[in-house]
Every structure is written in structure tokens, then in C-alpha cells.
Amino acid sequence: MMGVVSGVISAQWKHETLPVAALVSILLLTVFKARLIILDFMHLRERPALAAALLAWPILFCIAILARIAAPRLF
Amino acid sequence: MTMAPLSQDDASDEGGDLLLWVLVFSELAAFGILLGGFLVMSVLHPESFGAAKLHLSARIAGFNTVVLLASGWQAALAARAGASAMQQRIALLVAAALGFVFVGLKFFEYSTELTYAGDDTFAAFFELYFMITGFHLAHVAFVAGLFVLVARRPERSNIVMLTTIWHVIDIVWLVMFPLIYFG
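Keep in mind that this is a model prediction, so the values were computed, not measured.

What follows concerns the overall build of chain B. Of the regular secondary structure elements, chain B holds 6 helices and 0 strands. With the principal axes as the frame, chain B shows a C-alpha extent of 65 × 45 × 20 Å. The burial tally for chain B puts 49% of its 183 residues in the buried class. Pairs at least 24 residues apart make up 81% of the contacts formed inside chain B by residues separated by at least 6 positions. Accessible area of chain B: about 8,500 Å², with a carbon and sulfur share of 69%. Considering chain B, the positive charge centre built from 8 side chains and the negative charge centre built from 14 side chains are found 12 Å apart.

Right, dumping it as C-alpha cells:
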């Protein structure tokens, strides 16, 4: 994730257009990180309903952000 | 039927878990409402939000993202099983220091953006921007301060709880960063 964000900073520095793939990668890695924290740090492997409720937060926002980014390009 | 008596450690673990879930759920609910509001406003006012975003410093925000990720990594090192008290202390202090670097950089970023905040065209954007990022910044500063306190006498239960909250704050930033700066 640090590599992807470093790429984003580099693109900003050179005033290049930010690749959508970089934003998608950040959001996907965020969901993956959230899953690791919920299952391992919060010990919710045995409570799948609670884990799913917590994981719904980043997934919902990632989908909403991706839809927001994609909408002007599609319509 | 008799039930086995709950040991004091089990009871405190259950209490700690409950407190952690309440904290995490309330954090996610609060930030969810704020970010949801921002998302709706950005759809309703795409021109002014799009123009206002050009005045934000995405480079500093990107650098801050790396700082926060590094801080989360150090916090995870402190929380790992088998770490000695000295290793925990060092990792917690590095995590706290990186948290304070985040705060310092965010204040520097604010200083470059404040001039545009008074502009009526961007009023709605900057009101939400300062509210959301300021609320997040307060969390970063507070938990970084707690890291310093816990580093004085590291106990694994406290470290795990703080590290979990720190990762939640980290995740909120990772969602906030693309939404506010690039969304």
C-alpha cells in the first residue's frame, strides 16, 4: 500500500493525471487491511455476523467512491 | 446445572472486547455519517466541489498517508505476541512520533488551504472538509498521546486496544483520502 501511495505522490508531484487503477488499488487494499484487523486484532473469526457488519463499512464506502469516480467517465 | 466461575482475566477480556466494539462501531458510525454527507454534497454540487479540490494539497495528504501507514505498522509491531517490554516501548513511541508528524503536516496543509476557506464558492466544501479532517486529526492526536502514556508502562491488553483503534483511524483516513482529494 505504501508503494501505491508513493506512486500517487509521485504522480501528483509531476502534475500527471492520477491513474484510476492507483485509487482502486488503495481502496481494495483498505478493504483487505480492514479484514485483517477485524479478524485478527479484534478476534472476530468466531463471530462472522459482527465481522461482516464491521467490514461492510469500508466496502460500502469503497463502492460509493468508485461509483463517484466512475460516474462522470461513464455518463 | 452449574457454570464455571469466570476468572478475573476472562471478565476483563470480555469487558475490554465490549468496550472496543462500542468504540469501533461509534467511530465508524460518526465518520460514516460525515463521509456520507460529503459524498452526497459532492454529487449535488460537482462544480464547486471539483474546483475546491484543486486547492487542496494532495501531495502532503499522500505523504501523510504513508506516515500513518508506517505508524500503524509500528503499532502492530508493539502489539505482536512475544515482543519484549523494551520493543513494545520503542514501537509505541515511534508510532506516537509518526502520529504527531501526521498532525504537524496536517496543520501545515491547513495553513495553505485556509486562504480559500473564506471564499463563498467553496464554503460548503471547506466547512465539511475542516469538520471531517479536523475530527479525524483530533483522534490521531489523542490516540498518539495515549501511545506515549501506554509506552511508560506497556501492558499487552492496552496496546492491543489502542492499536485496534489506531488501525480503525487509519482505515477511516484511507477511505477519506481518495474521497476528499480525488473523488
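Here the narrative resumes, following the displayed structure.
So, about empty space enclosed by the protein. Taken as a whole and judged by the stated rule, the model has 1 cavity of 30 Å³ or more. Quantified by volume, the largest cavity comes out at close to 80 Å³. What lines the largest cavity is A:Ala34, A:Ile37, A:Ile38, A:Leu54, A:Trp57, A:Pro58, B:Val24, B:Leu28, B:Val168 and B:Ile171.

The subject of this paragraph is the pattern of salt bridges. Residue and element names in this part refer to chain B. Taken as a whole and assessed by the stated rule, the structure comprises 3 salt bridges over all chains. As a salt-bridge pair, glutamate 109 and lysine 106 come within 3.0 Å of each other at their nearest N and O atoms. On the criterion of helical spacing, the pair formed by glutamate 109 and lysine 106 is a turn pair, its members being 3 residues apart in helix α4 (residues 85–117). On the accessibility criterion, glutamate 109 (0% relative accessible area) is buried.

In this section: the UniProt feature "transmembrane region" (unreviewed entry) in chain B. Residues and elements named next belong to chain B. Per the UniProt annotation, the sites labelled "transmembrane region" (unreviewed entry) are residues 20–44, 56–78, 90–108, 128–150 and 159–182. In residues 90–108, the share of helix is 100% and the share of strand is 0%. The end C-alpha atoms are 27 Å apart. In residues 128–150, the share of helix is 100% and the share of strand is 0%. The end C-alpha atoms are 33 Å apart.

On to the packing of aromatic side chains, then. Residue and element names in this part refer to chain B. On inspection of all chains with the given rule, the structure shows 20 aromatic pairs over all chains. Relative to tryptophan 173, the ring of phenylalanine 102 lies with its centre 5.2 Å away and its plane at 90°, an arrangement referred to as edge-to-face. Placement of the pair is phenylalanine 102 in helix α4 and tryptophan 173 in helix α6 (residues 156–182), with a sequence separation of 71 residues. Residue classification places tryptophan 173 among the buried residues on the basis of a relative accessible area of 1%. A ring pair is formed by phenylalanine 125 and phenylalanine 126, whose centres lie 5.1 Å apart and whose planes are at 85°; its orientation type is edge-to-face. The exposure class of phenylalanine 126 is buried, given its relative accessible area of 2%.

Moving on: the interface of chain B and chain A. Note on interface size: it is often stated as the accessible area lost on association of the parts. Contact with chain B, which involves 37 residues of that partner, is made by 31 residues of chain A. Remark: the boundary between chain B and chain A carries 1 salt bridge. Between A:Lys33 and B:Asp170 there is a salt bridge, with its nearest N and O atoms 2.6 Å apart. Counting across the interface, chain B meets chain A through 4 residue pairs in polar contact (both at pLDDT 80 or more). Listing elements by their share of the side of chain B that touches chain A, those giving two or more residues are α1 (8–44), α3 (58–79) and α6 of chain B. Counting residues per element, the side of chain B that touches chain A draws most heavily on α6(B), which supplies 13 residues. Of the residues that constitute the side of chain B that touches chain A, the class distribution is 26 nonpolar, 9 polar and 2 charged.

What counts and what doesn't
- Residues numbered from 1 in each chain as written.
- Chains lettered and ligands numbered in written order.
- Predicted model: local features only at pLDDT ≥ 70, side-chain atom pairs only at ≥ 80, totals over all residues.
- Heavy atoms only, no water.
- Helix = DSSP H or I, 4+ residues; strand = E, 2+ residues; numbered from the N terminus.
- Buried < 20%, exposed > 50% of the residue type's maximum accessible area, 1.4 Å probe, protein only.
- Contact = heavy atoms within 4.5 Å.
- Areas by Shrake-Rupley, 256 points an atom, 1.4 Å probe, with all protein chains shown as cover.
- Lys, Arg positive; Asp, Glu negative; His and termini not counted.
- Charge placed at Lys NZ, Arg CZ, Asp CG, Glu CD.
- 1 Å grid on protein atoms, 1.4 Å probe; cavity = no way out; pocket = protein on both sides within 12 Å on 5 of 7 lines; lining within 4 Å.
- Points joined across faces, edges and corners; volume = space filled by probe spheres on them.
- Salt bridge = Lys/Arg side-chain N within 4 Å of Asp/Glu carboxyl O.
- UniProt positions renumbered as here; feature names shortened; annotations may be inferred.
- Phe/Tyr/Trp six-rings, centres within 6.5 Å; stacked < 30°, edge-to-face > 60°.
- Polar contact = N/O pair within 3.5 Å; in protein donor to acceptor, adjacent residues only side chain to side chain.
- Nonpolar A, V, L, I, M, F, W, Y, C, P; charged D, E, K, R; others polar.

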